[in-house]
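Per-entry structural report
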Amino acid sequence: DVQLLQSGGGLVQPGGSLTLSCAASGFTFNKYAMTWVRQAPGKGLEWVSAISRSGESSYHADSVKGRFTISRDNSKSTLYLQMNSLRAEDTAVYYCAKGGYDDYYYFDTWGQGILVTVSS
Amino acid sequence: EIVMTQSPATLSMSPGERATLSCRASQSLDSNLAAWYQHKPGQGPSLLIYASSTRATGVPARFSGSGSGTEFTLTISSLQSEDFAVYYCQQYNKWPLTFGGGTKVEIK
């Protein structure tokens, strides 16, 4: 079974840092792009960051550019999101997701989600 | 940025009815690079449709997608109890990737 197991969420103070992890299993990790998407309380889905299958190319939403960094370790089949300078508006459930075939950035498998709360 | 606008925001339907959800892109999507997802509380979203009309693996045939350019539609031919959820469209034609605001399909 294709699975994405997320970890690393929690409560952090404004201005603080947090790293999310997403451990993949059941597929050849280095053959697919990956992404992070979040959902703030009471809101819809918001794309955050994406990374190519090799890790050579990465993309970030303007709302997190310069503060968040997406990366991957293909030897460990793990995706990461390093979040710095966190703000109250970053409070959300964060999902990692696996890209589709042919390197297209639609997402066919999603993690269970993990809550990040930014508050003093 | 391509803005995806979904309508209606809420759809009140009865089981067995046909549901039609709309998504409009602010720019034409090359090769119809639009996807649809179903999202239930406490779960990760689930891919239903990609490339505007291709059903994802394991998705029941009652779900169908259509459209091109700037207008896309998700149709559920006969609503089942498990279909009451929020549905999102997404474009993957240009960066940044963008989602619509969602359509909640609720029980009437």
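Numbering of residues begins from 1 in every chain and follows the order in which that chain's sequence is written. As a convention, the first chain written is A and the first ligand written is 1, with the rest following in written order. The model is predicted, so local features are restricted to residues of pLDDT at least 70 and side-chain atom pairs to those at 80 or more, both for listing and for counting; the totals for chains, interfaces and linings are taken over all residues. As a rule here, side-chain values come from all non-hydrogen atoms in the structure, and water together with hydrogens is ignored.

Regarding the interface of chain A and chain B
In this description, contact between two residues means that some pair of their heavy atoms is separated by no more than 4.5 Å. Across the contact, 18 residues belong to chain A and 16 residues belong to chain B. Here's the idea: put two parts together, see how much 1.4 Å probe accessible area each one loses, and the total over both is what we call buried area. Summed over the three residues of chain A that lose the most area to chain B, namely Leu-45, Trp-47 and Tyr-106 of chain A, the buried surface amounts to 39% of that side. The salt bridge criterion pairs a side-chain nitrogen of Lys or Arg with a carboxyl oxygen of Asp or Glu, the two atoms within 4 Å. Joining chain A to chain B, the criterion identifies zero salt bridges. Under the rule applied, a polar contact is a pair of N or O atoms within 3.5 Å (in protein, one hydrogen donor and one hydrogen acceptor; residues adjacent in sequence only if both atoms are side-chain atoms). The interface formed by chain A and chain B contains five residue pairs in polar contact (both at pLDDT 80 or more). Secondary structure elements follow DSSP: runs of H or I of four or more residues count as helices, runs of E of two or more count as strands, with numbering from the N terminus. Going through the elements one at a time, strand E4 (34-39), strand E5 (45-51) and strand E10 (107-110) of chain A are the ones with two or more residues in the side of chain A that touches chain B. In terms of residue count, the dominant contributor to the side of chain A that touches chain B is E5 of chain A (four residues).

Quick look at the sheet that holds strand E1 (residues 3-7) of chain A
Note on sheets: strands pair through backbone hydrogen bonds, and any given pair is parallel or antiparallel. Residue and element names in this part refer to chain A. For two strands to count as paired, DSSP must find a minimum of two bridges between them. Spatial strand order, E1-E3-E8-E7: four strands in an open sheet with antiparallel pairing. Whereas interior strands pair on both sides, the edge strands pair on one side only; in this sheet they are E1 and strand E7 (68-73). For this sheet, the mean inter-axis angle between neighbouring strands, taken without regard to orientation, is 15 degrees. Bridge count for strand E3 (residues 18-25) against strand E8 (residues 78-83) is six bridges, and the pairing is antiparallel. Considered in E8, the bridge of Leu-18 is made with Met-83. What counts as an axis is a line fitted to C-alpha atoms, over the stretch in contact for a helix, and the angles between N-to-C directions run from 0 to 180 degrees.

Notes on the side chain of Ser-52 of chain A
All names here are of chain A. Take Ser-52: it is sitting in the loop between E5 and strand E6 (58-60). Think of it in three bands: residues with accessible area under 20% of the maximum for their type are buried, residues over 50% are exposed, and the middle band is partly exposed, with areas taken using a 1.4 Å probe on protein chains only. For Ser-52, a relative accessible area of 11% corresponds to the buried category. Filtering out sequence-adjacent residues up to four positions away, Ser-52 remains in contact with Ala-33, Ser-57, Arg-72 and Tyr-105.

Concerning the pattern of salt bridges
When their charged atoms lie close together, side chains carrying opposite charge are able to pair. Residues and elements named next belong to chain B. Going through the model one piece at a time under the given rule, you end up with nine salt bridges over all chains. Glu-71 is the salt-bridge partner of Arg-24, the closest N and O atoms lying 2.4 Å from each other. Taken as a pair, Arg-24 in strand E3 (residues 19-29) and Glu-71 in strand E7 (residues 63-76) lie far apart in primary sequence, 47 residues in all. Glu-71 sits in the partly exposed class, given a relative accessible area of 36%. Taking the shortest distance from any N to any O, the salt bridge between Glu-82 and Arg-62 comes out at 3.4 Å. Here Arg-62 lies in the loop between strand E6 (54-55) and E7 and Glu-82 lies in the loop between E7 and strand E8 (86-91), a separation of 20 residues in the sequence. For Glu-82, a relative accessible area of 38% gives the class partly exposed.

With respect to the environment of Tyr-101 of chain A
All names here are of chain A. Considering the arrangement of structural elements, one finds Tyr-101 in the loop between strand E9 (92-99) and E10. Along the primary structure Tyr-101 and Ser-52 are separated by 49 residues, whereas in three dimensions their C-alpha atoms are 12 Å apart. Not counting residues within four places of it along the chain, the set of residues in contact with Tyr-101 comprises Tyr-32 and Tyr-106.

Regarding the sheet that holds E3 of chain B
Residues and elements named next belong to chain B. Pairing is antiparallel across the open sheet formed by three strands, whose spatial order is E1-E3-E7. Each having just a single partner strand, strand E1 (4-7) and E7 make up the two edges of the open sheet. Mean inter-strand twist for the sheet, computed between neighbouring axes without regard to direction, equals 20 degrees. Across four bridges, the pairing between E1 and E3 is antiparallel. Residue Gln-6 lies in a different strand from E3, and its bridge partner there is Cys-23.

Overview of the state of the cysteines
Cysteine sulfurs are considered disulfide-paired once they come within 2.5 Å of each other. Applying the stated rule across the entire model yields two disulfides over all chains. Note on cysteine connectivity: Cys-22 of chain A is disulfide-linked to Cys-96 of chain A, with sulfurs 2.1 Å apart. On the S-S bond that ties Cys-22 of chain A to Cys-96 of chain A, the torsion sits near 65 degrees, and the link is right-handed. With a gap of 74 residues between them, Cys-22 of chain A in strand E3 and Cys-96 of chain A in strand E9 connect regions that are remote in the sequence. Each member of the pair, Cys-22 of chain A together with Cys-96 of chain A, is buried. Bridging Cys-23 of chain B to Cys-89 of chain B, the disulfide has an S-S length of 2.0 Å. Given an S-S torsion of about 70 degrees, the disulfide between Cys-23 of chain B and Cys-89 of chain B has right-handed geometry.

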